[in-house]
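Analysis of the macromolecular model
Now for the letters of each chain:
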Amino acid sequence: MLDGERHVALSAPAGRARLAAGLAGRVAGRVALCLAAVLLTYTLAALSFDPLAELRSTQPPTPQAVLDARAAELGLDLPVLPRFLRWLSGVPAGDFGVTVDGHAVADEVWERAGTSLRLFLPGSVLAVLLGVAVGIWGALRAGRWADKISMAAALVLLAVPVFVLGTLLKILWLPVNEAAGTDLLPFSGEKTPGSDLAGWAAAGDRLRHLVLPTVAIALPQIAFYSRYQRAAMLEVLHSEFLRAARARGLTRARAVRRHGLRMALIPMTALVAFSFGLHLAGGVFTERIFGWHGLGDWMMSAIEHQDAMVVATSTLLMAVLVVVVGWLADLALVLLDPRTRS
Amino acid sequence: MTAAGTPRRRPGRRPGVVLGSCLLVALALAAFAGPLFLPYTHTQQDLATVLSAPSPAHPLGTARLGEDVLALCLRGLQKSLVIGLLAAVLTTVVSAVVGTVAGYLGGMVDRVLMAVVDVLLVLPPILVVAVVSPALRDQSWLVLVLLIAGFQWMLTARVVRARARSLRSSGYVVAAENMGASSARVVTRHLLPQMAPLLVVDCTLNVASAVLAEAGLSYFGFGVQAPDVSLGTLVSAGTGSALTFPWVFLAPVGFLAATVLAAAVLGEGLRDDEGAR
Amino acid sequence: MSPVLEIRDLTVAFRGRSGPVTAVDGLSLTVSPGEALALVGESGSGKSATALAVMGLLPETARVRGSVLLAGRELLGRSDRELSRVRGRQVAMVHQDPLGALTPVVPVGAQVAEAVSAHHPGIGRRAAAERAVALLDAVGIASARTRAAALPHEFSGGMRQRVAIAMAMANDPDLIIADEPTSALDVTIQAQILDLLDDVRARTGAALLLITHDLGVVARSCDRVAVLRKGSLVEEGGVAPLFQRPGSDDLRGLLSARTTAAGPERPAGEPVLRITGLRRQFSPRRGAVVRAVDGVDLDVRAGQALALIGESGCGKTTVLREIVGLRAPQTGTVELFDRDVSGLRRRERTALRERVQMVMQDPTSSLNPTMAVADIIAEPLRVHGWPRPEIRARTRELLELVGLSPEHAERRPGQLSGGQRQRVAIARALAPRPRLVLLDEPVSALDTSLRAEIMDLLTGLRARFDLAFLMVSHDIPLTRRAVERVAVMYLGTIVEAGTAADVLDHPAHPYTRALVAATPVLDVQAARARRAAVLSGELPDPTGFPSGCAFRPRCPLYAELSGVDRAVCAEEPPKPRQVGARQVACHHVDPP
């Protein structure tokens, strides 16, 4: 076969233009994915929800005219796709439709989104960093007891569902709170309700509320990422290029730092990009267990109330987050791996 | 420096494989045969001993209406195991078909199927299943199996596709095509036998994820519905009193974690065996 | 003079699944300053493990005993930090796989600079980079300053190996260990790299420990040779005397595999394959077109063997693929048994497949590891619907034909040696009684000592069943002994075609001449005399088409031509012309 690898080195400006075009192309692809996922969820919701069920089951029966009016108000007289498009067309202007009980979705959405971000992002960022660190540390000690124990711990952590983990943390922490006589680390909510703390005291209060949910969000992700990172690092440690780097006079530690780490991080970008969506489920559970009123909590109640617009809105915002994280992962990949630039 | 013909170690000698399969068998035995040896059924209520701590009469204590927690857990384990196994087998079949077709045929078919995979991977599958759940409230739990499988096949399908793609250009597949073998023959004689170990590994790991998915859905009330019980519904019911009556929570959690861990350990052990070949 | 390297009673064992596996077993060797010692042996004989033991780069699980003295200092048992001061400075290494040995995401210049700065901590980034450019220039990388910023995958195999050599010479080492440095390269590039290594040694005065399985390489570049078998030294001595009178069966086996015998002469029968004007283009990326095959005419007659030779990338394998597909080519015609394949119906195509079979390069990948040998051999018969009892009888017969015994039938490919595997692949190809067998480098994946044996098996089968062969090869001595006719390809066209005796013994086209000259030979005197004839440059970027003669940029003849003669080369692509009994596509080769 032909040796397809003999490209002439690209001149720098052409390379940069192609890089920008490549990144833009990936954004477009990810936005399309995001819309498709929201359409899918919306369609499923519209098909399986019956927002009029409550009205219909009242005694005495609600008059048909009232039912029809309500249906028209919710746009139920339209087929699913036009209904979705009508909802979507309002989104750029900040109109996310109405809830089943008649409020504008937009009234609540940003507060919900903010709560979710404050809850989910610190834990996830921490998890990626620690997962990578633990994985690399384990690979460098492969086969020793420390590595075996951390790998076993990761397996156990992955076997415990997130909704259990949160409650377990509460059970474990309860004696400490009781011993202290006060809620050192509170179990519920984003801040102490009704308190009039300000400045640092308020920040401290929020921080104390954040600790346990963050641990609940981070632990399973740390376990997840560290297993992959360990495998990737092990592969790199057995690679020919690392041996060659040592053959030209680098110590093992320096060869690992200068050549191994970067190569081992490259596959992690793709892993973070495609698994981030899966980890969102952990956030949803955690919101419920620790009583944070974020998007996930909202979406779950919306499913209970058969509220398609709220489901669509929260799905959209989650999908946007997934897209943004995916794009950041692409960016990290391009920075780590110059091969992707040509 | 290549060591030619290293002897192949039989699967089953790895500690993970032994440990995982023993634990799974033990759990299955307990779930299906255990209730026969218990003096209580899981529905039997004893209002005299409501929410009592573990005792010789009730080794794992009693629940809110005085039901024996051990009997409840074994009953829940039954359902969780059945749902987990069925969903995993279904998941594996779907991913084997989709992955092989996409990987071997390539082209437009591949692009469409992989786009579907990507869309389904944007959001947590459990949320998507939850969205559908109101319409299925009165359906049999078998529908739940279908749903779990329907939203869990994507990762395995990707792995299978990648393997099928690399096998497609492998020497013996090219050789078979050169001798005039049909696509069906290539897939059944060359691709699937090569992928069988991979599929077994993934099926085992899928049991773990399916059990977790069932528990998660039931936890939110979107999964198994009363009067049926599963580990998920039991954990859910126990969460409210987890801080006051921990045994109603910890007992089903223990069974759940043991089941998932057993499947995961077995799967990882088999994967290591596969990788070592 | 005290030796630069002294290995005493070296033993290396790896942890195997069933106890330790000894890779090197009590080996003692010395390398004197400036000397070139070859370490030869089959795969698995412990050559690479020895090299890694010297470098202190064996995996941590390896157990090493004995002594390795570099300029009198013991290396075994030293810490990584101490060894890192020796590696790359006193002893440098050139690896077998030049792509694997370079970090894929670091520019080549930075990797060379690292070889400098690792031993000169105070040198500074800019000075190290400058030195790297100078080194890249010294190993013959054109426009080294810009190319230093390129990534490894943007380089060809030969260029990557030059980069590796630049690193090895960065600190004027006393010893360079080269582990099969050319086995992944074409002969023309191999000759360039071997010359470069000689050149580097001349400049730095370094001794060379060259690990190889190719005795032609030894004859060309080494003073002494040590033969290894199963980790032990079998014999050792000067290259010239030992090649004349080998003392061991190991060396004798390796030597006999390389001897060139005159090819068979068989009468040609009816036409089996005729290709006219075959073209095949690919688009590796948008806007780029590769003319992989650019107008090829060939014909093969019953009982006859034709070899296509040339560097990798010349399009020879694409020709085979175009034939085996039995589909209409992009341009041109392929006729098999006087039938044009473009008009075939599905049934006819399937029927025709029985008569055209193929043996692929690497039996390890071409045999399904999960199937038993008997099933592998029977597969084409099952595909073509042979009745079951006949299949069983035929399978038994085939095993015997290719020199395997009936008990091999139930084994899996993983339980066979490389040679046995290729015998299975041959049996599979012969199963449906084909008339034409396409052979894609049928022995190049095998150990040297097995190659001649398998090639002779093929020749014997051809005579017995009156088969026609179309073989792709880059091993000229083996080709010479296996075929009657040869066609030499360069960038998708045939530059010379004729009998093997004419083309390979008395090449006419300047490219064929260079190719033959680059082929390693065993005669030490002859091997060294040939150095002047090394072809410069590499196959150009296949997406650019030079006007006129494609070989012009590398052509040694063109370089000597006058302006008028050059103009013809530059403007007109040469058409094949009859020169004596052969066809030559060159404007300046005259009939003898």
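Cut-off values and rules
- Residues numbered from 1 in each chain as written.
- Chains lettered and ligands numbered in written order.
- Predicted model: local features only at pLDDT ≥ 70, side-chain atom pairs only at ≥ 80, totals over all residues.
- Heavy atoms only, no water.
- Helix = DSSP H or I, 4+ residues; strand = E, 2+ residues; numbered from the N terminus.
- Buried < 20%, exposed > 50% of the residue type's maximum accessible area, 1.4 Å probe, protein only.
- Contact = heavy atoms within 4.5 Å.
- Areas by Shrake-Rupley, 256 points an atom, 1.4 Å probe, with all protein chains shown as cover.
- Rg over C-alpha atoms; globule rule 2.2 N^0.38 Å.
- Lys, Arg positive; Asp, Glu negative; His and termini not counted.
- Charge placed at Lys NZ, Arg CZ, Asp CG, Glu CD.
- Salt bridge = Lys/Arg side-chain N within 4 Å of Asp/Glu carboxyl O.
- Pairing = 2+ DSSP bridges.
- Buried area = accessible area lost by both parts, 1.4 Å probe.
- Polar contact = N/O pair within 3.5 Å; in protein donor to acceptor, adjacent residues only side chain to side chain.
- UniProt positions renumbered as here; feature names shortened; annotations may be inferred.
- Nonpolar A, V, L, I, M, F, W, Y, C, P; charged D, E, K, R; others polar.
- Axes fitted to C-alpha atoms, helices over the stretch in contact; angles between N-to-C directions.
- Domains from an automatic or database assignment.
- Disulfide = S-S within 2.5 Å.
- Patch = residues over 30% accessible without salt bridge, like charges linked within 9 Å, V, L, I, M, F, W, Y side chains within 5 Å.
- Parallel < 35°, antiparallel > 145°, perpendicular 65-115°, else oblique.
- Left-handed = near helix turned anticlockwise from the far one by under 90°.

Overview of the overall build of chain B
Along its length, chain B carries ten helices and zero strands. Here chain B holds 277 residues, and the buried ones make up 54% of them. Across chain B, the fraction of contacts at a sequence separation of at least 24, relative to all contacts at a separation of at least 6, is 73%. By element, 67% of the accessible surface of chain B is carried by carbon and sulfur atoms, the whole surface being about 11,600 Å².

Concerning the overall build of chain C
Check the secondary structure of chain C and you find 23 helices and 22 strands. Taking 592 residues into account, the globule formula puts the C-alpha radius of gyration at 25 Å, and chain C, at 26 Å, falls close to it. With respect to the three principal axes, the spread of C-alpha positions in chain C is 70 × 70 × 50 Å. Looking at the 592 residues of chain C, the share that counts as buried comes to 58%. Looking at chain C alone, contacts between residues at least 24 apart form 69% of all its contacts between residues at least 6 apart. A total accessible area of about 23,400 Å² is found for chain C, and carbon and sulfur atoms account for 49% of it. Across chain C, 74 positive and 67 negative side-chain charges occur, with their mean positions spaced 4 Å apart.

Observations regarding the pattern of salt bridges
This structure, assessed with the given rule, holds 48 salt bridges over all chains. A salt bridge links A:Asp337 to A:Arg339; the nearest nitrogen and oxygen atoms lie 3.0 Å apart. For A:Asp337, a relative accessible area of 5% gives the class buried. In this structure, C:Lys316 engages C:Glu441 in a salt bridge whose closest nitrogen and oxygen atoms are separated by 3.9 Å. Note that C:Lys316 is positioned in helix H11 (residues 316–324) and C:Glu441 in the loop between strand E17 (436–440) and helix H17 (448–465), a separation of 125 residues in sequence. Note on C:Lys316: relative accessible area 4%, which makes it buried. Connected through salt bridges with shared partners, the residues A:Glu108, A:Arg112, A:Arg288, A:Asp297 and A:Glu304 form a single ionic network.

Observations concerning the pairing of strand E2 (residues 19–31) of chain C
On any regular strand, side chains alternate: one points to one face of the sheet, the next to the other face. Alignment of strand E1 (residues 5–16) of chain C against E2(C), held across nine bridges, turns out to be antiparallel. Considered in E2(C), the bridge of C:Gly16 is made with C:Gly19.

Things to note about the interface of chain C and chain A
With 46 residues of chain C at the contact, the number on the chain A side is 31 residues. Together chain C and chain A conceal approximately 3,500 Å² of surface at their shared face, both sides included; 54% is due to carbon and sulfur atoms. Seen at the junction of chain C and chain A, the total is four salt bridges. Here C:Glu114 ties to A:Arg258 by a salt bridge, and the two come within 3.3 Å at their closest N and O atoms. Across the chain C-chain A interface, the total number found is 13 residue pairs in polar contact (both at pLDDT 80 or more). When contributions to the side of chain C that touches chain A are tallied by element, the ones reaching two or more residues are helix H1 (47–55), helix H2 (80–86), strand E6 (91–94), helix H3 (108–117), helix H6 (157–168), strand E12 (290–301) and H11 of chain C.

Overview of the UniProt feature "domain: ABC transporter" (unreviewed entry) in chain C
All names here are of chain C. Listed under "domain: ABC transporter" (unreviewed entry) in the UniProt record, and renumbered for this structure, are residues 5–255 and 273–516. In residues 5–255, helix accounts for 37% and strand for 27%; the two terminal C-alpha atoms are 27 Å from one another. Across residues 273–516 one finds 40% helix and 26% strand; the C-alpha atoms that close the span lie 27 Å apart.

So, the interface of chain A and chain B
How big an interface is tends to be stated in terms of the accessible area lost upon association of its parts. With 43 residues of chain A in contact, the opposing surface of chain B contributes 41 residues. Both sides of the chain A and chain B interface together cover about 3,500 Å² of buried area, and 86% of this is carbon and sulfur. If you look at where chain A meets chain B, you find one salt bridge. One salt bridge connects B:Glu268 with A:Arg227, and the closest N-O pair in it is separated by 2.9 Å. Applying the counting criterion to the chain A and chain B interface returns two residue pairs in polar contact (both at pLDDT 80 or more). The set of elements that each furnish at least two residues to the side of chain A that touches chain B consists of helix H1 (12–48), helix H6 (145–159), helix H7 (162–180), helix H10 (252–289), helix H11 (295–304) and helix H12 (308–336) of chain A. In terms of residues, the side of chain A that touches chain B owes the most to one element, H10(A), which gives nine residues. Of the residues in the side of chain A that touches chain B, the class split is 33 nonpolar, six polar and four charged.

Brief notes about the sheet that holds strand E13 (residues 305–309) of chain C
Residue and element names in this part refer to chain C. Spatial ordering of the open sheet is given by E16-E17-E18-E13-E19-E20-E22-E21, a layout of eight strands whose pairing is mixed. The open sheet has two edge strands with one neighbour each: strand E16 (356–359) and strand E21 (577–579). Along the sheet, successive strands turn relative to each other by an average axial angle of 20°, direction set aside. Summarising the sheet, strand E19 (residues 485–490) and strand E20 (residues 493–499) pair through six bridges and their orientation is antiparallel. Paired with Ala487 across the two strands is Ala497, which belongs to E20.

Let's talk about the domain arrangement of chain C
Domains assigned within chain C are domain 1 (5–258), domain 2 (267–355 + 434–506) and domain 3 (372–433). A straight line from the C-alpha centre of domain 1 of chain C to that of domain 3 of chain C covers 41 Å.

Comments concerning the state of the cysteines
Residues and elements named next belong to chain C. Overall, the coordinates contain zero disulfides over all chains when judged by the stated rule. Here Cys314 stays unpaired: no disulfide links it, and the sulfur of Cys549, its closest cysteine neighbor, is 15 Å away. Take Cys314: its relative accessible area is 1%, and that puts it in the buried class. Cys569 carries a free sulfur, and the closest cysteine sulfur to it, the one in Cys549, is 6.0 Å from it.

A word on the sheet that holds strand E5 (residues 73–74) of chain C
Residue and element names in this part refer to chain C. With respect to topology, four strands assemble into an open sheet ordered E2-E1-E4-E5, the strand pairing being antiparallel. Two strands close off the open sheet at either side, each with one partner strand: E2 and E5. Strand contacts of H1: E1, E2 and strand E4 (63–70), with the helix running at about 110° to E1, the strand carrying the most contacts.

Let's talk about the UniProt feature "transmembrane region" (unreviewed entry) in chain B
All names here are of chain B. The residues that UniProt annotates with the feature "transmembrane region" (unreviewed entry) are residues 81–105, 112–135, 141–160, 198–222 and 242–267. Span residues 81–105 is 100% helix and 0% strand, its end C-alpha atoms 35 Å apart. Within residues 112–135, the helical portion is 79% and the strand portion 0%, while the C-alpha atoms at the span's ends are 28 Å from each other.

Considering a positive patch on the surface
Positive charge collects at one region of the surface, where A:Arg257, C:Arg73, C:Arg81, C:Arg85 and C:Arg89 lie side by side. Mapped onto the secondary structure, C:Arg85 falls in helix H2.

A few points about unusual backbone geometry
Trans is the common state for peptide bonds, and a negative phi is the common state for residues other than glycine. Residues and elements named next belong to chain C. Positioned with a positive phi, Ala71 is a non-glycine residue whose angle comes to about 50°. If you trace the backbone, Ala71 turns up in the loop between E4 and E5. Backbone geometry places Phe337, a non-glycine residue, at a positive phi of 50°. Topologically, Phe337 is positioned in the loop between strand E14 (331–336) and strand E15 (339–340).

Overview of the pairing of E19(C)
Residues and elements named next belong to chain C. The element E19 is extensively covered by neighbouring structure, given that five of its six residues are classed as buried. Direction of pairing for E13 relative to E19: parallel, over a ladder of four bridges. When the sheet's bridge partners are listed, Leu308 is paired in E19 with Ala487. If you look at the hairpin formed by E19 and E20, you'll find two residues sitting between the two strands, and Leu491 has a positive phi there, around 45°.

A short note on the packing of helix H4 (residues 125–132) of chain B against helix H8 (residues 183–219) of chain B
All names here are of chain B. As a packed pair, H4 and H8 sit with axes 10 Å apart at the nearest point and diverge in direction by 50°. Taken together, the axis directions place H4 and H8 in an arrangement best described as oblique. Crossing geometry of H4 relative to H8 is assigned as right-handed. Residues Ile126, Val129 and Ala130 of H4 lie in contact with H8, whose contacting residues are Ala213, Gly216 and Leu217. Partitioned by chemical class, the residues of the contact of H4 with H8 number five nonpolar, one polar and no charged.

Quick notes on the side chain of A:Thr41
By secondary structure assignment, the location of A:Thr41 is in helix H1. When sequence neighbours within four positions are dropped, the list of residues in contact with A:Thr41 reads A:Val311, A:Thr315, B:Leu123 and B:Val131.

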